[in-house]
Amino acid sequence: MTVHYELCVEIAVLAADNPPVNALGVGVRQGLQDGIARAVADGAKAVLIYGRGRTWFAGADIREFGKTPVPPMLPDLCNAIEAAPIPVIAAMHGTILGGGLEVAMACHYSICVAGARLGLPEVGLGILPGAGGTQRLPRLVGFEQAIEMITTGRPVSASRALEMGIIDKLAEDGAARDLGLAYALDLLAQGATPRPVSQTPAPEAVDFASLKQQVAAKARGQLSPVAAFEAVEAASRLSFTDGLAEERRLFKTLMETDQRKGLIHAFFAERQVSKLPELAGVRPREVSQIGVIGGGTMGAGIATAALLAGLGVTLIETTSEAADAAHQRIAKNLSGALKRGKITQSEHNELLHIKLKTTADYAQLSTADVIIEAVFEDMTVKKQVFAQIETVAKPGAVLASNTSYLDLNEIAASTTRPGDVIGLHFFSPAHVMRLLEVVIGDQTVPEVTATGFALGKRLGKVAVRSGVCDGFIGNRILSAYRTAADHTILDGASPYQIDRVLEDFGFAMGPFAVADLAGLDIGWANRKRLAATRDPRERVPQYVDRLCEDGCFGQKTGRGYYVYDGKTRSENPDVMPLIDAERARLGLSAQSFSDAQILRRYMAAMVNEAAKVVGEGIALRPLDVDIVLLMGYGFPRYHGGPLKWADLQGLPAILADIDGFAKDDPYFWQAAPLLRDLVAQNRTFDDLNKETGT
Ligand code: 3HC
Ligand code: NAI
């Protein structure tokens, strides 16, 4: 039973019991509806609803989306609660989200325990509050605040909810059931009667036209915030009942979109990605002290992330001056956290002066449970560092490398404890970016893998398992789609058209704007590194090297593909002549590309490499690739990740594109065997996710 009924003197108490988050699945909906009817039949004077376990209802049951709906439907349940002839009281704690908040707003009175969060996060799932939330919330808080809360999906604290008028009462602490009963008795003593929000008149209208523009601009192609806005706006011109009907119409439209499918895929994939069959029953090692070697961009960021997670950090640099510089970098990162209110001044001081040590003395690493190397990207230097680590690290310490591309197995083989070696590939800035690739070498033991995942969780990261290859999951795929973009330029497109197409697709920045941000010198160094072993059939543009030779490294020098003036960028007039010269040198005539053709090439390269990464076992499942691209490479979440996007497009069309491109460049365009197999078997990447589900 998911809702328990109990008559407590004159109050009918409905206890929701659907772990872990009391999602409003069909059993809960039926239980609540029956409970209200039974309370009235039993002659109860009031109904109290609360959730057992860790929370009030955290929303509709997302697993039911896309399936045939089973009554009672949530909007009908909310209406039935509101129409009850006796007061219905919500006593809430935990996460009061989505349909959970809609049920609460349908109740006549509410009390909430401090520490709770209340919100309508539906837009993040590609839908909108579909059980009256868009009609009841503005009646409680006014249009502006309702639009803000519903179109951003951002939750508010219980005390803020009280100020806004979403709840009636706040309790500092206590059990929801006890607090609710006491409040219900008070209300009855005062002669309280039902108080339906639907009968409150709609609030004063606001400047909807300008608010809509703002919402659409922020949504950047995502449909749900704009549709959610329209549903709220409907409350200003329609009756409550007609407003509900409009909300339902918009809700159903969104439910059918690929964006909804993509966002829900992302929600579950984010939770699935850390579930590894190989780790079932494996206990991670204890971690309280971290060692970091190298205090540059990455080392300082990793140290900051560890400090913010409450771990002690010892950071090693080459000299005491370099150690001081690293200390300053970390101090700067921590002062950012202080400014954003993530830590207090006294916590800041403790982290910087007690929890952190920066030194040039490797011997200080002897107490570290995990040692993360983040020195220059050079195999010789890395091997020297691991040799030094070995002499000081305690037995059982996990030895990690933050390398971006280098062969982890080679690093591990240079040590006497390869089983303890792992890759922990953070993304820059490491204390901000949530992605962590946990790279597993041939000899890494499961306990060390488990420790990598446990550490990732402790640091608030989404950890993804990767095997060893050049660039691991993310950088390897990036290199393939960047190459496709480079080829498209040689063949006739401009970097600016490509950036615009990808930004229209939903990326915050196109690939060339990203290259400017990362620094063009990085790619330049990489091209030089790979030159000696490059296959002669590979097409590598050289015009960018000319830019680099002129000192144009992108944003850091103010010039790259773009010219930067503060925050604004404009096309660099030197770039197209360099590209034209290169085309002339190669004897290529520029073709014209439609935006759709550019997108197809770019995405085909991304999907094809991703399929190779899965097919070779570098990524465990397609969803692992999706999470890497979503969390680390700015792939628009509403497309669900490249492989979810590919499924939604249809794999045969993507394979046909690849085979078509291969006619001109058979070296680059070699279809992934896995993609071919899936098309031949009429299967999808998602079928593989389900097969390997844990
Ligand atoms: N439906 C179904 N399953 C859900 C769920 C939901 N609404 N919310 C969470 N779960 C599942 C998770 O998938 C996970 O399952 P697993 O253990 O098998 O992986 C389990 O519950 C625990 O979830 P988390 O790991 O996310 O637990 P946390 O403690 O980290 O977070 C939470 C809890 C903040 C409630 C978070 O789960 C969350 O944000 N959930 C989604 C909330 C939401 O979006 N609600 C709106 C739903 S849409 C809606 O209500 C439509 C309505 O307007 C009609
Ligand atoms: P960086 O050049 O900013 O920092 C490297 C630091 O290591 C320098 O401060 C240097 O003094 C120190 N160092 C060098 N040899 C050392 C030694 N023997 N002992 C102690 N310290 C030593 O480099 P960055 O960008 O921080 O990169 C570090 C590693 O992280 C590289 O392997 C890189 O590929 C990887 N990485 C970089 C990312 C980025 O965006 N910058 C992203 C993810 C990984």
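Look above for the structure.
The following refers to the structure shown. (Residues numbered from 1 in each chain as written. Chains lettered and ligands numbered in written order. Predicted model: local features only at pLDDT ≥ 70, side-chain atom pairs only at ≥ 80, totals over all residues. Heavy atoms only, no water.)

**Regarding the site of ligand 1**
Neighbouring ligand 1 are 28 residues, the closest being Arg54, Glu102, Glu122, Arg271 and Lys275. Contact distances for ligand 1 include 2.8 Å between an oxygen atom and a backbone N or O atom of Gly99. Note that an oxygen atom of ligand 1 is positioned 3.1 Å from one of the backbone N or O atoms of Gly130. If you list the elements that add at least two residues to the shell around ligand 1, you get β5 (95–97), α3 (99–106) and α11 (258–272). The element best represented in the shell around ligand 1 is α11, accounting for 3 residues. Across the shell around ligand 1, the residue classes tally to 16 nonpolar, 5 polar and 7 charged. (Near = heavy atom within 4 Å. Polar contact = N/O pair within 3.5 Å; in protein donor to acceptor, adjacent residues only side chain to side chain. Helix = DSSP H or I, 4+ residues; strand = E, 2+ residues; numbered from the N terminus. Nonpolar A, V, L, I, M, F, W, Y, C, P; charged D, E, K, R; others polar.)

**Considering α11**
For α11, which comprises 15 residues, the first-to-last C-alpha distance of 20 Å matches the rise-based estimate of 21 Å (1.5 Å per residue) to within 8%. Within α11, the full set of buried residues consists of Gln259, Arg260, Gly262, Leu263, Ile264, His265, Ala266, Ala269, Glu270 and Gln272. Residues of α11 that are buried in the fold lie against α9 (223–234), α10 (240–255), β17 (462–466), α25 (622–632), α26 (642–649) and α29 (685–691). (Expected span 1.5 Å × (residues − 1). Buried < 20%, exposed > 50% of the residue type's maximum accessible area, 1.4 Å probe, protein only. Contact = heavy atoms within 4.5 Å.)

**Describing the nonpolar core**
If you look at soluble globular proteins, the nonpolar side chains tend to sit buried side by side. Counting 77 residues, the largest nonpolar core has Val625 and Phe685 as its most contacted members. Looking at this core, the element that brings in the most residues is helix α24 (residues 595–615), giving 11 residues. Not counting chain neighbours up to four residues away, the residues in contact with Val625 comprise Ile473, Ile477, Ala610, Val613, Val614, Ala619, Pro642 and Leu643. Among the nonpolar cores identified, the runner-up in size contains 69 residues, and Cys78, Met149, Ile166 and Val215 belong to it. (Core = buried A, V, L, I, M, F, W, Y, C linked by side-chain atoms within 4.5 Å.)

**A short note on the pairing of strand β4 (residues 88–92)**
Counted residue by residue, β4 has 5 buried out of 5 residues, so it is predominantly covered. Judged by which residues are buried, β4 turns out to be covered on both faces: Val88, Ala90 and Met92 on one side and Ile89 and Ala91 on the other are all buried. Note that the unit made of strand β3 (residues 46–51), helix α2 (residues 74–82) and β4 has a crossover that is right-handed. Pairing analysis gives 4 bridges linking β4 to strand β6 (residues 109–113), with the strands arranged parallel. Bridge pairing in β6 links Ile89 to Tyr109. (Right-handed = clockwise from strand over helix to strand, strands pointing away. Pairing = 2+ DSSP bridges.)

**Re the site of ligand 2**
If you check the shell around ligand 2, you find 21 residues, and the closest are Met298, Glu317, Glu377, Lys382 and Ser404. Here an oxygen atom of ligand 2 and a side-chain polar atom of Glu317 are 2.5 Å apart. One nitrogen or oxygen atom from the side chain of Tyr362 is found 3.0 Å from a nitrogen atom belonging to ligand 2. Relative to its free-state accessible area of 830 Å², ligand 2 is covered by the protein chains to the extent of 77%. When residues of the shell around ligand 2 are traced back to their parent elements, those giving at least two are α12 (297–308), α15 (379–392) and β15 (421–426). In the shell around ligand 2, the residues fall into 9 nonpolar, 9 polar and 3 charged. (Areas by Shrake-Rupley, 256 points an atom, 1.4 Å probe, with all protein chains shown as cover.)

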